[in-house]
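So you can see what is in the structure, the chains are spelled out below.
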Amino acid sequence: QVQLVESGGGLVQPGGSLRLSCAASGSIFSLSAMGWYRQAPGNQRELVAAITNSGRTNYADSVKGRFTISRDNAEKTLYLQMNSLKPEDTAVYYCNMKVVAARLDYWGQGTQVTVSS
């Protein structure tokens, strides 16, 4: 069974930075596509950034140039470096793991990011 545990959220001022981490258990991390999603109150969950098992990345237009997704397969950890944070980045951020061929889809419990002065 896979567990995903996010950390690194918190309160930050506009223009500040945070680094989110997602630690995965199990043995399929290196085979998985990983992603960060976020959900603000009253909004649907949306994709923020994704990275394939080969390292190809994809970003939402709203975060391009500010956020960077990366992974460490040896440590089974996913990261999201968030710079130049804006109040509209405030949301609960969720880690996601997918192995499409095996129809596997896992979610973490989420970590709150609040951008406010």
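Parameters at a glance
Residues numbered from 1 in each chain as written. Predicted model: local features only at pLDDT ≥ 70, side-chain atom pairs only at ≥ 80, totals over all residues. Heavy atoms only, no water. Helix = DSSP H or I, 4+ residues; strand = E, 2+ residues; numbered from the N terminus. Rg over C-alpha atoms; globule rule 2.2 N^0.38 Å. Buried < 20%, exposed > 50% of the residue type's maximum accessible area, 1.4 Å probe, protein only. Contact = heavy atoms within 4.5 Å. Pairing = 2+ DSSP bridges. Axes fitted to C-alpha atoms, helices over the stretch in contact; angles between N-to-C directions. Disulfide = S-S within 2.5 Å. Salt bridge = Lys/Arg side-chain N within 4 Å of Asp/Glu carboxyl O.

**Regarding the overall build of the protein**
Counting its regular elements, the protein contains zero helices and eleven strands. For the protein, the sequential pattern of α-helices and β-strands runs β-β-β-β-β-β-β-β-β-β-β. Here the C-alpha radius of gyration of the protein, 14 Å, is about what a compact globule of 117 residues would show, namely 13 Å. Each of the three principal axes of the protein carries a C-alpha extent, and together these read 45 × 25 × 25 Å. With 117 residues in all, the protein has 43% of them scored as buried. For the protein, long-range pairs separated by at least 24 residues make up 55% of all intrachain contacts whose partners lie at least 6 apart in sequence.

**Details of the sheet that holds strand β7 (residues 67-72)**
Taking strand neighbours across the sheet as the criterion, the four strands line up as β1-β3-β8-β7 in an open arrangement whose pairing is antiparallel. Of all strands in the sheet, those with a lone pairing partner are β1 (4-7) and β7, marking the two edges. Strand-to-strand twist across the sheet, computed as the mean angle between neighbouring axes with direction ignored, equals 15 degrees.

**Remarks on the state of the cysteines**
The tally for this structure, following the rule as stated, stands at one disulfide. In this model C22 forms its disulfide with C95; the gap between the sulfur atoms is 2.1 Å. Judged by the sign of its S-S torsion, about -75 degrees, the cystine formed by C22 and C95 is left-handed. Placement of the pair is C22 in strand β3 (residues 18-24) and C95 in strand β9 (residues 91-99), with a sequence separation of 73 residues. Like C22, the residue C95 is buried in the burial classification.

**Focus: the pairing of strand β8 (residues 77-82)**
Across the six residues of β8, five count as buried, placing the element largely inside the fold. Relative to β8, β3 is paired through six bridges, and the arrangement is antiparallel. Across the sheet, S21 pairs through a bridge with Y79, a residue of β8. Pairing analysis gives six bridges linking β7 to β8, with the strands arranged antiparallel. When the sheet's bridge partners are listed, F67 is paired in β8 with M82.

**Structural notes on the pattern of salt bridges**
Scanning the model with the defined rule gives five salt bridges in all. Between D89 and R66 there is a salt bridge; the shortest N-O distance is 2.8 Å. Within this pair, whereas D89 is found in the loop between β8 and β9, its partner R66 is found in the loop between β6 (57-59) and β7, the two being separated by 23 residues in sequence. A residue is classified by how much of its surface remains accessible, and D89, at 0% relative accessible area, is buried. A relative accessible area of 10% means that R66 is categorised as buried. In this structure, the salt-bridge partner of D105 is K98, at a minimum N-O distance of 3.8 Å. Residue classification places D105 among the partly exposed positions, given a relative accessible area of 42%. When salt bridges that share partners are traced, they join R38, E46, R66 and D89 into one network.

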